[in-house]
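Read off the chains here:
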Amino acid sequence: INKPKPVSHPEPDRLINKVRLKNLSGQPINLEQYTGKAIFLNFWATWCKPCMQEMPSIEKAKNTLQNENVIFLMASGESTEEIEAFRKTRKYDFNYVLIENSEELGIQVLPTTYIFNPQGELVFSESGYRNWNEKDNIDMIRKMASKHE
């Protein structure tokens, strides 16, 4: 019987441990708190046209998958004020977060989406627009979110 390993010694070389996020109040977010859930992490900006085009499909996918094992995080490198202003003018129900080290992660194009499986492994990385609400994409996220690979 394989017992789950305690998470007291995170592996620093894993990408999930290199992503530095804060909530809009400035508190650091440890992605390890979501162990056991898949993480859909979208990197975006208020000035990014393809990001704006992609958001409605992310919201629909989030709503479709709301009872599934998936956390959706929308990460921007902009200021809290810019994100708050954007949030007030848009009706999306997203968990907006601040990314502190997108350069270190090598993110050069927006939007970029990472999906981590419930074990915290990066199982999807893509730059550019995608219609996340298409059945194939919903099925792909579901498969990545299932506990058994």
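Up top is the structure these notes are about.
Residues numbered from 1 in each chain as written. Predicted model: local features only at pLDDT ≥ 70, side-chain atom pairs only at ≥ 80, totals over all residues. Heavy atoms only, no water.

Enquirer: Please clarify how the overall build of the protein chain should be interpreted in this entry.
Expert: Regarding its fold elements, the protein chain presents 4 helices and 7 strands. Written out in order from the N terminus, the α and β elements of the protein chain read α-β-β-β-α-β-α-β-β-β-α. Considering the protein chain as a whole, with its 149 residues, one finds that 46% of them fall into the buried category. Considering only contacts within the protein chain whose residues lie at least 6 apart along the sequence, 64% involve residues at least 24 apart. Total accessible area on the protein chain stands at roughly 8,700 Å², and carbon and sulfur atoms take up 48% of it. (Helix = DSSP H or I, 4+ residues; strand = E, 2+ residues; numbered from the N terminus. Buried < 20%, exposed > 50% of the residue type's maximum accessible area, 1.4 Å probe, protein only. Contact = heavy atoms within 4.5 Å. Areas by Shrake-Rupley, 256 points an atom, 1.4 Å probe, with all protein chains shown as cover.)

Enquirer: Please explain the sheet that holds strand S3 (residues 38–44) as it appears in this structure.
Expert: In sheet architecture, strand pairing relies on hydrogen bonds along the backbone and comes in two forms, parallel and antiparallel. Strand order in the open sheet made by the 7 strands is S2-S1-S5-S4-S3-S6-S7, with mixed pairing throughout. Of all strands in the sheet, those with a lone pairing partner are strand S2 (28–29) and strand S7 (122–127), marking the two edges. Relative to strand S4 (residues 70–76), S3 is paired through 7 bridges, and the arrangement is parallel. When the bridges of S4 are listed, Phe 43 appears paired with Ala 75. (Pairing = 2+ DSSP bridges.)

Enquirer: Please clarify how the pattern of salt bridges should be interpreted in this entry.
Expert: A side chain with one charge may pair with a side chain of the opposite charge, provided their charged atoms come close. Scanning the entire structure with this criterion turns up 8 salt bridges. Through salt bridges with shared partners, a single network forms among Glu 68, Lys 135, Asp 139 and Arg 142. (Salt bridge = Lys/Arg side-chain N within 4 Å of Asp/Glu carboxyl O.)

Enquirer: What's the story with the environment of Trp 132 in this structure? I'm lost.
Expert: In this structure, Trp 132 sits in the loop between S7 and helix H4 (135–145). The buried category is assigned to Trp 132, whose relative accessible area is 0%. Each C-alpha atom of the pair Trp 132 and Ile 58 lies 5.5 Å from the other, and the pair is 74 residues apart in sequence. Excluding residues within four positions of it along the chain, Trp 132 makes contact with Phe 40, Glu 54, Ser 57, Ile 58, Ala 61, Thr 113, Ile 115, Phe 124, Asn 137, Ile 138, Met 140 and Ile 141. A polar side-chain atom of Trp 132 sits 3.1 Å from a polar atom in the side chain of Glu 54. (Polar contact = N/O pair within 3.5 Å; in protein donor to acceptor, adjacent residues only side chain to side chain.)

Enquirer: Could you clarify how one ought to interpret the packing of aromatic side chains in this entry?
Expert: Here a ring pair, both rings aromatic, is described through the centre-centre distance and the interplanar angle of the planes. Considering all chains together, one arrives at 10 aromatic pairs under this definition. A ring pair is formed by Phe 43 and Tyr 114, whose centres lie 5.1 Å apart and whose planes are at 80°; its orientation type is edge-to-face. Highlighted residues: Phe 43 in strand S3 and Tyr 114 in strand S6 (residues 112–116), separated in sequence by 71 residues. Across the pair, Tyr 114 and Phe 43 agree in class, each one buried. (Phe/Tyr/Trp six-rings, centres within 6.5 Å; stacked < 30°, edge-to-face > 60°.)

Enquirer: Just checking my understanding: could you explain the state of the cysteines for this structure?
Expert: A disulfide bridge is the covalent bond that connects two cysteines by way of their sulfur atoms. Inspection of the entire model under this criterion finds 1 disulfide. Each sulfur of the disulfide joining Cys 48 and Cys 51 lies 2.2 Å from the other. Residues Cys 48 and Cys 51 are joined by a disulfide whose S-S torsion is about 80°; by sign, that bridge is right-handed. Cys 48 sits in the buried class, given a relative accessible area of 3%. (Disulfide = S-S within 2.5 Å.)

Enquirer: Mind showing me how you'd approach the side chain of Ser 76 here?
Expert: For Ser 76, the location among the structural elements is in strand S4. The exposure class of Ser 76 is buried, given its relative accessible area of 0%. Of the polar contacts made by the side chain of Ser 76, one reaches the backbone oxygen of Trp 44; its length is 3.5 Å. Setting aside its immediate chain neighbours within four residues, Ser 76 contacts Trp 44, Ala 45, Ile 83, Val 97, Leu 98 and Ile 99.

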